[in-house]
Amino acid sequence: MSCPVVGRCSERTAEQVPIENTTMNRALRSLVCEPPFRLLFKAALTNGIARRYAFEWAALFDAVRYPPYAVGLQTACKYASLAGETGFTAIEFGVAGGNGLLELSRYAATLSRGTGLKIEVVGFDAISGLPVSPDRRDAPWLWNPGDFPSDVVRLRRMLPPETELVVGRIQDTLPKWLQEESRLPIGFVSVDVDLYSGAAAICEGMANANVKCLLPFVSFYLDDALRFLTPRVTGELAAVSEFNGRYSDRQFDRDDWIAEDRPFAERLWLKRMYSLCNFDHPVMTDHKSRRVARLDLCAKNQQCKV
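Residues numbered from 1 in each chain as written. Predicted model: local features only at pLDDT ≥ 70, side-chain atom pairs only at ≥ 80, totals over all residues. Heavy atoms only, no water.

## Concerning the nonpolar core
Membership of the largest hydrophobic core comes to 78 residues, with the highest contact counts inside it found for L73, F88, F93, W177, I186 and F220. Among the elements that make up this core, the one with the highest residue count is helix α5 (residues 67–83) (eight residues). When near neighbours in sequence (up to four residues on either side) are disregarded, F220 contacts V189, V191, I202, M206, F252, R272, M273, Y274, S275 and L276. (Core = buried A, V, L, I, M, F, W, Y, C linked by side-chain atoms within 4.5 Å. Buried < 20%, exposed > 50% of the residue type's maximum accessible area, 1.4 Å probe, protein only. Helix = DSSP H or I, 4+ residues; strand = E, 2+ residues; numbered from the N terminus. Contact = heavy atoms within 4.5 Å.)

## A short note on helix α9 (residues 196–208)
With 13 residues, α9 should reach 18 Å at 1.5 Å per residue; the first-to-last C-alpha distance of 18 Å fits that figure. Among the residues making up α9, those that are buried are Y196, G198, A199, A201, I202, C203, G205, M206 and A207. (Expected span 1.5 Å × (residues − 1).)

## Observations concerning the sheet that holds strand β3 (residues 164–167)
Ordered by their spatial adjacency, seven strands build an open sheet running β3-β2-β1-β4-β5-β7-β6, and the pairing between neighbours is mixed. Whereas interior strands pair on both sides, the edge strands pair on one side only; in this sheet they are β3 and β6 (250–254). Mean inter-strand twist for the sheet, computed between neighbouring axes without regard to direction, equals 20°. Relative to strand β7 (residues 273–278), β6 is paired through five bridges, and the arrangement is antiparallel. Along β7, the bridge assignment pairs R254 with Y274. Lying on the sheet, α5 is in contact with β1 (87–93), β2 (118–125), β4 (186–191), β5 (214–222) and β7; it crosses β5 at an angle near 170°. The strands touched by helix α6 (residues 99–115) within the sheet are β1, β2, β3 and β4, with β2 carrying the most contacts at an inclination of about 170°. (Pairing = 2+ DSSP bridges. Axes fitted to C-alpha atoms, helices over the stretch in contact; angles between N-to-C directions.)

So this is what it looks like as structure tokens:
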């Protein structure tokens, strides 16, 4: 069943949602998604009060600073609820100045209050900027060594105390981090490392991670995919493609479904949303215990559920 508001984490079943409300919400959504109404709604939602108290609507209309982070977290909330988990970990690979990690922390806190799920936030960065790389898959014509350094002292002062910052090369830090116990399973990952080599290290970490470290589906945002001067055989898409060719039990797949019914469904960032499908997860190996789903024939003059 589609939720009336995209990203709402709810356990309500279709039988619990009145048909009238579902139909009304569908009509309302159709109206506000049309120009110029969608622009007016976005303008009305682009303020701090709306982002705090109407976060789901602000995220739906791209009225937040980082829509992929908001939608990725909302998607992870759905995945966690379906898996019966009480929370998950959200990761940003490639922190740089720290603006994205700060926003991710704010969105996580807002969604945690609204859903009751615990969301832990972690950032990974080498802090020294991009490394030297002669590998053409790292697009040396586009990036320079030292690009995007971090001021880790200033950033730590600004981050919420519960947000973790892991400093060092991903190849070194991620395997050790994944071995630590008592962590919530990974539910959302933003890959903003620019280089193929960094993305490949993340993919390798996901391949070698104990299945308990992951939700059955993990929402991913590939920030540098489909960008100017970045062919698909380079960067993050190259790493994902190689991963899919090597590991049959864990596969990346693009989340085209996210764009459905969104007011700005044409936005390119939506094509950078992926999910890591972990077919070896115990939740994925058996049928779910529930009542048999039905689509019975409707009686004459009776409104059917869609």
